[in-house]
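# Structural overview
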Amino acid sequence: MTGRGYISFLSLAIRISRDHLEAAGHVCILKDASDLENSSEIAKLIEAESLEAALALHLYRGGRLLRGHGIPFGIIFGGTDLNEDVNHGEKKEVMGKVLEEARFAVAFTESMKEMAQTQWPHARGKIYVQSQGIVTGPNSAFNWNTFLRQSGINQSADNLHIFLLVCGLRQVKDPLYLVDAFSEWHREEPNVYMVIVGPEVDPVFTREVGARVKRAAGVRLIREMPQGDLHAALKNCFAVVNSSVSEGMSAAILEAMDLEVPVLARNIPGNAAVVKHEVTGLLFSDPQEFVQLAKRLVSDPALEREIVANGREYVRARHSWQAERCTYQNLIRTLEGSIQD
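Residues numbered from 1 in each chain as written. Predicted model: local features only at pLDDT ≥ 70, side-chain atom pairs only at ≥ 80, totals over all residues. Heavy atoms only, no water.

The name an unreviewed UniProt entry gives the chain is Glycosyl transferase family 1 domain-containing protein, with Felis catus as the organism.

Okay, here's the thing in structure tokens:
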């Protein structure tokens, strides 16, 4: 252990989790699991940096890399691990072994916890529920008109309705789900645009998305943005869209609510756990319903105001950043105990 009982951490989780660890005085190295090919790379990293504990997001993608290294670790369920990977026998077996070694696991919702306990009853006593804590910080220097020009939208911002779809470019996020329906709507109403924003996660799929978007009227694709700029873009857009096939808990949806922006989300369990239809947002089951609801939102300012107010209240009541920090810092103490033992 480092001085004063602090731990040198490997985090395969999200940036905000690193912030919680560092706030407690721990040293933390943040790595993306997709950048690490196998557990031997983790072993080298642990040795080179004298790492003493770890925290990983996603039971399969992150958790499998931490097995067998002799350092205590915790897991945060992602979403696709419970919704998709669990249906593959080999992956399910690996995830069960990860949970055997993990000191704790965190689920974003009670339903996620129940799903995990059903699949792996042996882990029942180590799964905790903590919803994502949300904090937003729009960049005050961000220029919305510049963003629009860089997105290839050369119209006055005053007359536009911009829908932002924020996601990593991979198939489970299904960013092409709404493209054809949205393009048809744009041809009818040229002041509506959908801008897809996100990092290139799957290079092959990213090329497919880029090719489709180039041919789609009213749809644009831009690269990943710094968080402050992204929050500013969210604040300026008309609505935020989520079209994922599977979600654990979408940070973009919660950030939009915090920034007082309406949300339209695909009606899947992870989204429905956060978005209550016509209360904190709008849920759609197919592209045609999305367009219907989007048109309704554009034409009904009272509905927009109500959804925005309810969403803001929901996030501030249920997704406290301070509560999340307290939970993770308490769980990390269980890893401290393992190191001292």
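Bringing the pattern of salt bridges into the picture now. Any two side chains of opposite charge can pair, on the condition that their charged atoms come close. Across all of its chains, the model carries ten salt bridges by this definition. In this structure, Lys 173 and Glu 247 form a salt bridge, with 3.1 Å as the shortest nitrogen-oxygen distance. Note that Lys 173 is positioned in the loop between strand 7 (161-166) and helix 7 (179-188) and Glu 247 in the loop between strand 10 (239-242) and helix 10 (251-258), a separation of 74 residues in sequence. Of the two residues, Lys 173 and Glu 247, both sit in the buried class. Notably, a salt bridge pairs Asp 258 with Arg 316, separated by 3.4 Å at the nearest N-O pair. Placement of the pair is Asp 258 in helix 10 and Arg 316 in helix 13 (residues 301-318), with a sequence separation of 58 residues. Owing to a relative accessible area of 12%, Asp 258 belongs among the buried residues under this scheme. (Salt bridge = Lys/Arg side-chain N within 4 Å of Asp/Glu carboxyl O. Helix = DSSP H or I, 4+ residues; strand = E, 2+ residues; numbered from the N terminus. Buried < 20%, exposed > 50% of the residue type's maximum accessible area, 1.4 Å probe, protein only.)

All right, on to the sheet that holds strand 8 (residues 192-197) then. The strand order across the open sheet formed by six strands is 9-8-7-10-11-12, and the pairing between neighbours is parallel. Two strands bound the open sheet, and with one partner strand each, they are strand 9 (219-222) and strand 12 (282-284). Ignoring which end each strand starts from, the neighbouring axes of this sheet average 25° apart. Of the strand pairs in this sheet, strand 7 and strand 10 are connected by three bridges, and their pairing is parallel. Opposite Leu 165, over in strand 10, you have Val 241 as the bridge partner. Strands in contact with helix 7 are strand 7, strand 8 and strand 9; relative to strand 8, the strand with the most contacts, it is inclined by about 150°. With respect to the sheet, helix 12 (residues 287-299) is in contact with strand 7, strand 10, strand 11 (263-266) and strand 12, its orientation differing from that of strand 12 by roughly 155°. (Pairing = 2+ DSSP bridges. Axes fitted to C-alpha atoms, helices over the stretch in contact; angles between N-to-C directions. Contact = heavy atoms within 4.5 Å.)

This brings us to the packing of aromatic side chains. All told, the structure shown has nine aromatic pairs when counted by the stated rule. Taking the centre distance of 5.1 Å and the plane angle of 15° together, the rings of Trp 144 and Phe 147 count as stacked. Placement of the pair is Trp 144 and Phe 147 together in helix 6 (residues 144-150), with a separation of three residues, close to one helical turn. Taken together, a centroid distance of 6.1 Å and an interplanar angle of 75° make the contact between Phe 163 and Phe 290 edge-to-face. On the criterion of sequence distance, the pair formed by Phe 163 in strand 7 and Phe 290 in helix 12 is long-range, its members being 127 residues apart. The two residues Phe 163 and Phe 290 agree in class, both being buried. Ring pairs connect the aromatic residues Phe 163, Phe 182, Trp 185, Phe 238, Phe 284 and Phe 290, which therefore count as one cluster. Against the face of Tyr 177 rests Arg 266, its NZ or CZ located 3.5 Å from the ring centre. (Phe/Tyr/Trp six-rings, centres within 6.5 Å; stacked < 30°, edge-to-face > 60°. Lys NZ or Arg CZ within 6 Å of the ring centre and 35° of its normal.)

Peptide bonds are, in most cases, trans, and in most cases residues other than glycine have a negative phi. Even without being glycine, Ser 50 reaches a positive phi, approximately 55°. Structurally, the position occupied by Ser 50 is in the loop between helix 2 (39-49) and strand 3 (53-57). If you check the backbone angles, Glu 260 has positive phi at about 65° while not being a glycine. Secondary-structure assignment places Glu 260 in the loop between helix 10 and strand 11.

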